[in-house]
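In case you want the letters, here they are:
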Amino acid sequence: VGRSLCLHEEVCARSDSTRGDALDSVLRDWAQALWDAASLALAHGHASALAGSAKELLARAASKAADSIRLSAVPLPSSCCLAGDILAAAAELERDLESGGGGGGESGGGE
């Protein structure tokens, strides 16, 4: 998962809107990949280290989703829904951590 995220970050760094790259779409896909990675971290255990890792991934996903929306002339509903879903997953994880559940609940990357 880590290698995939590094490659995705490299692709984003090389994107160029002057060449026709749709940066908002790249960022939206990056946010989705981070959300999916957080879901994988939570699916593989309830350890607090994994929950902390998932929390960090969800924070990065929310940031990329927000960047995607900011770069869109007219934000797509799918981008706004993705941002909302990521924020809801982060809030659910935070609630689970506060109640001592350690994460591992349904935080699920969609699509």
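Counting starts from 1 at the beginning of each chain's written sequence and moves along it residue by residue. Where local features are concerned, this predicted model is filtered to residues with pLDDT of at least 70; where side-chain atom pairs are given and counted, the filter is 80 or more; whole-chain, interface and lining totals use all residues. Excluding hydrogens and water, the side-chain figures rest on all heavy atoms present in the structure.

Caption draft 1: Spatial organisation of the packing of helix 2 (residues 23–43) against helix 4 (residues 77–98). Convention adopted: a line fitted to C-alpha atoms gives each axis, helices being fitted over their contacting stretch, and angles between N-to-C directions are expressed from 0 to 180 degrees. By definition, any uninterrupted DSSP run of H or I lasting at least four residues is a helix, any uninterrupted run of E lasting at least two residues is a strand, and each is numbered from the N terminus. Packing of helix 2 against helix 4 leaves a shortest axis separation of 11 Å and a crossing angle of 25°. With respect to helix 4, the axis of helix 2 lies roughly parallel. Judged by the twist between their axes, the crossing of helix 2 over helix 4 is left-handed. Contacts between helix 2 and helix 4 involve Arg28, Ala31, Gln32, Trp35 and Leu42 from the first element and Ser78, Ser79, Leu82, Asp85, Ile86, Ala89 and Leu93 from the second. For this classification, under 35 degrees means roughly parallel, over 145 means roughly antiparallel, 65 to 115 means roughly perpendicular, and everything else is oblique. By convention the crossing between two helices is left-handed if the near helix lies anticlockwise of the far one by an angle smaller than a right angle, and right-handed if it lies clockwise. Only heavy atoms matter for contacts: two residues are in contact if any of them lie within 4.5 Å across the pair.

Caption draft 2: Geometry of the side chain of Lys64. Position of Lys64 among the secondary structure elements: in helix 3 (residues 48–71). Not counting chain neighbours up to four residues away, the residues in contact with Lys64 comprise Leu27, Trp30, Ala31 and Leu34.

Caption draft 3: Quick look at the pattern of salt bridges. What makes a salt bridge here is a side-chain nitrogen of Lys or Arg within 4 Å of a carboxyl oxygen of Asp or Glu, nothing more. Scanning all chains against the criterion turns up three salt bridges. Of the charged contacts in the structure, one is a salt bridge between Arg70 and Asp67, with a shortest N-O distance of 2.4 Å. Of this pair, Arg70 and Asp67 are both found in helix 3, three residues apart, which corresponds to roughly one turn of the helix.

Caption draft 4: Quick look at the nonpolar core. Buried Ala, Val, Leu, Ile, Met, Phe, Trp, Tyr and Cys residues that are joined via side-chain atoms within 4.5 Å together make up what is termed a nonpolar core. Burial classification: accessible surface area is computed with a 1.4 Å probe over protein chains only, and a residue below 20% of its type maximum counts as buried, one above 50% as exposed, and the rest as partly exposed. Core analysis: the largest hydrophobic core is formed by 24 residues, its most contacted members being Leu34, Trp35, Ala54, Leu57, Leu58, Ile86 and Leu93. Elements with a contribution of two residues or more to this core: helix 1 (2–14), helix 2, helix 3 and helix 4. For this core, the element with the highest residue contribution is helix 2, accounting for ten residues. Beyond its immediate stretch of four places on either side in the chain, Ala54 contacts Ala38, Ala41, Leu42 and Leu93.

Purely geometric stuff here, so don't read any function into it on its own.
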